[in-house]
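# Understanding the architecture of this molecule
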Protein chains: 2
Amino acid sequence: MSDYNPFTNPAPRQPTDGPYFREEVALSNRNHGVALEMLRHDVTPIGMHYLLIHFDIPYIPTEAEWRIDVGGEVARPMTLTVADIKALPVRTMRVTLECAGNGRGLFPQRMPSMPWLSEAVGTGEWTGTPLRHVLERAGVKPGTVEIAFESVDRGSDRGNEHTYGRSLKTDLAMSEDVMLVWAMNGLPLQPQHGFPLRLIVPGWYGMASVKWLRTITALKSPYQGHQQVGTYHFKKTAEEKGIPITHMRVKSLMVPPGIPDWYTRQRLVEQGPVEIFGRAWSGGAVPIAKVEVAVDGRWHEATLDPAADKYAWRGWRFTWKAEPGEHQLMCRATDANGAVQPMEADYDRGGFGNNAVQRVLVTVR
Amino acid sequence: MSDYNPFTNPAPRQPTDGPYFREEVALSNRNHGVALEMLRHDVTPIGMHYLLIHFDIPYIPTEAEWRIDVGGEVARPMTLTVADIKALPVRTMRVTLECAGNGRGLFPQRMPSMPWLSEAVGTGEWTGTPLRHVLERAGVKPGTVEIAFESVDRGSDRGNEHTYGRSLKTDLAMSEDVMLVWAMNGLPLQPQHGFPLRLIVPGWYGMASVKWLRTITALKSPYQGHQQVGTYHFKKTAEEKGIPITHMRVKSLMVPPGIPDWYTRQRLVEQGPVEIFGRAWSGGAVPIAKVEVAVDGRWHEATLDPAADKYAWRGWRFTWKAEPGEHQLMCRATDANGAVQPMEADYDRGGFGNNAVQRVLVTVR
């Protein structure tokens, strides 16, 4: 047995510039990234959407016995079945979600955790009902500042045992676009995506979209759950309080052209015209304004595909006249607020929000 | 640009006892393992079955235009549509598949490649038709020694550019159980599982079950494709020819009990009776004869669930009276041929066939 026990005497985790640990590989093997070539699909096929699961996937055999308790600062506390929620007005939304930790593994100083490089993104077609229908029926009392959402997946992080939970400001929770969903891509939610009911908070990083939703609680003071206050903050040192992570930052990814080398994933491309294409997105429903592609450091503007749904990524393409030799390709998005992807990520201690430009090495023959 | 180019001057890959490389993490992020708690499902839910994809997932928008060429040493070469194949006698089989590289990342001397620990396994309910129906219609000529199966996913490995392909001895290919399949768990194959048509070779490690099947070729001399002769051999040195990898070795995995620590995945369990349960399987349709569970090195026999389909894993369970403190749990299967999981894996240079017992660290309170 080791000197450290993760529950009673957890080992400190510190940023490192070294190679990866077995614990990181274990997380990487059980969490799923999108294969970048699948970015060509407007809606990510079932089984290819990224998954970041903090604890274990709960075992919930059928939806019939599932209950959602709505309580706290509400006039009419209630316990709902999934059938009750399915009886509310139905809406289907196409939403791009990205993990806040996407790119963590690329930080020169990297917090040991799930070592995403660029794969933690996907677009689902989510069917459910706006959360406000439930909140309105329960009657949120004046003075409520946040709505908290708790799941049933439970575990420990740095010795802090807790059930996964997050909260939203009441105004946001009451908006039309925050959804309770029971289907993805036209199928009932898979267990790993939150069966039988989950939250979807469009425009935000994925940590807000609580899976396996069990309770909805109106609060008159801010929620203090570990996943709300103990992590998911931008900060540069362990000591500072940091800035809560909310909306996704502007980002783009290309489908790597040509064919891969198995191990390095570098690319082999035939000379001549090559269509470079991919996806770009930003947070908070801010549209994409521009995507550029760099060949060996020289930038060219890409053509944007027609705008898709408000919260879905946007396609783009650029024709590259590939000439023999080794080349580096990059892509860079700018959103309608003028936010642009940086060449190097702003350091973050927890490895959050890395939206630096993607680099793809290509050999043309 | 680096000194090495993976296509023209590939870097040698050598076994290492060091930490993991970024290339391994990139493979781990794009390939998908089963979350071990999902082993409780008899059939692995869609999106949770392991995926090992050598090159890129091919883009095949619809099955209508897909053709399978049947040629070589056959009396009647033919080009079939998926509809032609679906018109043949339909059969659904429950089959457990494991990647030959499962456990590679646990070898003390580890070949840099996909660093599976224990997650590369799954059980699907595959619908298709026995391959022999196609071979009989084409009329395999006497003197045919192998049937080769080629896909369309193409790439390079150690400078060897090729399209993924594998072969089977003619007798095996003509057996009732080798299948051409178009559906998994009652749904059309997902792109990443081989849409629109793939091979399933039950009882074998997964490399034999060629996805995105494009050609079926009867050969009068053994197939020389890279994935058949250049890899997937058990060997201890780079120089030896090695032994071709075929059937899965006997193996078992438990669902880790209790709740996890996020980073280490160690487990926290309440004292008292705890049901330890999981799955066991072997290759070549050999049944599981026994599963044992060890608590701190002392072995106890588990109870086997009723036998399932011929090629599907078997459930087992054992009630542990958990006492406070730190414990190590293990499980070990024995098959009807008397093959038993080793405590430590027999070294293999490519990291194949690691069926050593699983170890799970648990803190009981």
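These numbers come from a predicted model, not from an experiment. (Residues numbered from 1 in each chain as written. Chains lettered and ligands numbered in written order. Predicted model: local features only at pLDDT ≥ 70, side-chain atom pairs only at ≥ 80, totals over all residues.)

## A look at the overall build of chain A
Tallying secondary structure elements over chain A gives five helices and 22 strands in all. Taken against the 2.2 N^0.38 rule, which gives 21 Å for 365 residues, the C-alpha radius of gyration of chain A at 21 Å falls within 12% of a compact globule. Counting only C-alpha atoms and orienting by the principal axes, one finds that chain A spans roughly 70 × 55 × 40 Å. Burial statistics for chain A: of 365 residues in total, 53% are counted as buried. For chain A, the proportion of contacts with a sequence separation of at least 24, taken over those separated by at least 6, is 72%. (Helix = DSSP H or I, 4+ residues; strand = E, 2+ residues; numbered from the N terminus. Rg over C-alpha atoms; globule rule 2.2 N^0.38 Å. Buried ≥ 20, exposed ≤ 12 C-beta atoms within 10 Å, placed from the backbone. Contact = placed C-beta atoms within 7 Å.)

## Looking at the pairing of strand 1 (residues 67–72) of chain A
All names here are of chain A. Bridge analysis of strand 1 against strand 2 (residues 78–81) gives four bridges, and the strand direction is antiparallel. When the bridges of strand 2 are listed, I68 appears paired with L80. In this structure, the hairpin formed by strand 1 and strand 2 is closed by a connection of five residues. Two strands pair when backbone bridges link them, and strand 1 and strand 10 (residues 215–219) are joined in this way by four bridges, in the parallel orientation. Considered in strand 10, the bridge of G71 is made with T217. (Pairing = 2+ DSSP bridges.)

## Regarding the relation of the copies chain A and chain B
Between chain A and chain B, the superposition needs a rotation of 180 degrees and an axial shift of 0.0 Å, giving an RMSD of 0.0 Å. Interpreted geometrically, this transformation is the action of a two-fold axis. Taking C-alpha positions as the reference, the residue of chain A nearest the rotation axis is G47 of chain A, at 1.8 Å. The overlap is high: 100% of the interface residues of chain A also sit at the interface in chain B, so the same surface is used on both sides. (Least-squares fit on C-alpha atoms with pLDDT ≥ 70 in both.)

## Points about the sheet that holds strand 10 of chain A
All names here are of chain A. Read across the open sheet, the five strands follow the order 2-1-10-5-6; overall the sheet is mixed. Edge positions in the sheet fall to strand 2 and strand 6 (160–169), since each has one partner strand and no second. Averaged over all pairs of adjacent strands, the angle between their axes in this sheet comes to 25 degrees, without regard to strand direction. (Axes fitted to C-alpha atoms, helices over the stretch in contact; angles between N-to-C directions.)

## Focus on the nonpolar core
Among the nonpolar cores identified, the biggest contains 198 residues, and V134 of chain A together with V134 of chain B are the most heavily contacted of them. Setting aside residues up to four positions removed in sequence, V134 of chain A forms contacts with V70, L80, I85, L180 and I216 of chain A. (Core = buried A, V, L, I, M, F, W, Y, C linked by C-beta atoms within 7 Å.)

## Some thoughts on the domain arrangement of chain A
All names here are of chain A. When cut into domains, chain A gives domain 1 (22–241) and domain 2 (251–364). One C-alpha centre belongs to domain 1, the other to domain 2; they are set 27 Å apart. Counting from both sides, the interface comprises 33 residues of domain 1 and, opposite them, 27 residues of domain 2. A per-element tally of the side of domain 1 that touches domain 2 places strand 3 (residues 91–98) first, with five residues. Class assignment of the residues belonging to the side of domain 1 that touches domain 2 gives a composition of 13 nonpolar, 11 polar and nine charged. (Domains from an automatic or database assignment. Nonpolar A, V, L, I, M, F, W, Y, C, P; charged D, E, K, R; others polar.)

## As for the interface of chain A and chain B
The interface of chain A with chain B comprises 58 residues on the first partner and 58 residues on the second. Looking at the side of chain A that touches chain B, the elements that each hand over two or more residues are helix 1 (22–30), strand 5 (146–157) and strand 14 (259–260) of chain A.

## Topic: unusual backbone geometry
Residue and element names in this part refer to chain A. The step from F195 to P196 runs through a cis peptide bond, and the omega angle for that step is 5 degrees. Summarising the element assignment, P196 is placed in the loop between strand 8 (187–188) and strand 9 (198–200). If you check the backbone angles, W212 has positive phi at about 50 degrees while not being a glycine. With respect to the helices, strands and loops of the structure, W212 is situated in the loop between strand 9 and strand 10. Classification of W212 as buried rests on a count of 22 C-beta atoms within 10 Å. The phi torsion at Y232 lies on the positive side, around 55 degrees, for a residue other than glycine.

## Focus on the confidence of the model for chain A
Do not read the predicted coordinates in detail wherever pLDDT is low. Mean pLDDT over chain A works out to 97, with 99% of the residues at or above the 70 mark. Confidence metrics for the complex model read pTM 0.97 and ipTM 0.97. (pLDDT = per-residue confidence, 0-100.)

## Comments concerning helix 1 (residues 22–30) of chain B
Of all nine residues in helix 1 of chain B, eight are buried; the element is thus mostly enclosed. Residues of helix 1 of chain B that are buried: E23, E24, V25, A26, L27, S28, N29 and R30 of chain B. As for helix 1 of chain B, its buried residues are in contact with helix 1 of chain A.

## Some thoughts on the environment of T144 of chain A
Residues and elements named next belong to chain A. Mapped onto the elements, T144 comes out in the loop between helix 3 (131–138) and strand 5. Residue T144 is classed as buried on the basis of its 20 C-beta neighbours within 10 Å. In this structure T144 touches E73, T170, A218, L219 and K220, once residues within four positions along its chain are discounted.

## Observations regarding the sheet that holds strand 10 (residues 215–219) of chain B
Sheet strands line up and pair through hydrogen bonds in the backbone, either parallel or antiparallel. Residues and elements named next belong to chain B. Across the sheet, which stays open at both edges, the five strands sit in the order 2-1-10-5-6 with mixed pairing between neighbours. Two strands in the sheet have a free side with no partner beyond their single neighbour: strand 2 (78–81) and strand 6 (160–169). Each adjacent strand pair in this sheet contributes to an overall mean axis angle of 25 degrees, direction not counted.

## Details of the environment of M114 of chain B
Within the secondary structure layout, M114 of chain B lies in the loop between strand 3 (91–98) and strand 4 (121–130). Dropping the residues within four chain positions of it, M114 of chain B is found in contact with L27, S28, N31, L52, G101 and R104 of chain B.

## Details of the pairing of strand 5 (residues 146–157) of chain B
All names here are of chain B. Most of strand 5 is tucked away: 10 of the 12 residues are buried. Of the pairings in the sheet, the one linking strand 5 to strand 10 comprises five bridges and is antiparallel in character. Across the sheet, I147 pairs through a bridge with A218, a residue of strand 10. Relative to strand 6, strand 5 runs antiparallel, the two sharing nine bridges. Opposite E146, over in strand 6, you have K169 as the bridge partner. Counted along the chain from strand 5 to the antiparallel partner strand 6, the turn is two residues long, and its residue R158 has a positive phi close to 55 degrees.

## A closer look at helix 3 of chain A
Each α-helix winds once per 3.6 residues, and so residues spaced three or four apart point in a common direction. For helix 3 of chain A, the set of buried residues is L131, V134, L135 and A138 of chain A. Projection of helix 3 of chain A onto a plane perpendicular to its axis shows the buried side chains occupying an angular sector of 95 degrees, all on one side. (Arc of directions from axis to C-beta.)

## Brief notes about the environment of P15 of chain A
Residues and elements named next belong to chain A. Following the sequence through the fold, P15 ends up in the segment before helix 1. A residue is classified by how many C-beta atoms lie within 10 Å of it, and P15, with 16 of them, is partly exposed. When residues no more than four places from it in sequence are discounted, the contact partners of P15 are Q109, R110, M111 and R349.

## Some words on the packing of helix 1 of chain A against helix 1 of chain B
Helix 1 of chain B packs onto helix 1 of chain A with a crossing angle of 25 degrees between their chain directions and a minimal axis gap of 7 Å. On the basis of their axis angle, the class for helix 1 of chain A and helix 1 of chain B is roughly parallel. Crossing geometry of helix 1 of chain A relative to helix 1 of chain B is assigned as left-handed. Mapping the contact onto sequence places E24, V25, S28 and N29 of chain A in helix 1 of chain A and E24, V25, S28 and N29 of chain B in helix 1 of chain B. Residues belonging to the contact of helix 1 of chain A with helix 1 of chain B are distributed by class as follows: two nonpolar, four polar and two charged. (Parallel < 35°, antiparallel > 145°, perpendicular 65-115°, else oblique. Left-handed = near helix turned anticlockwise from the far one by under 90°.)

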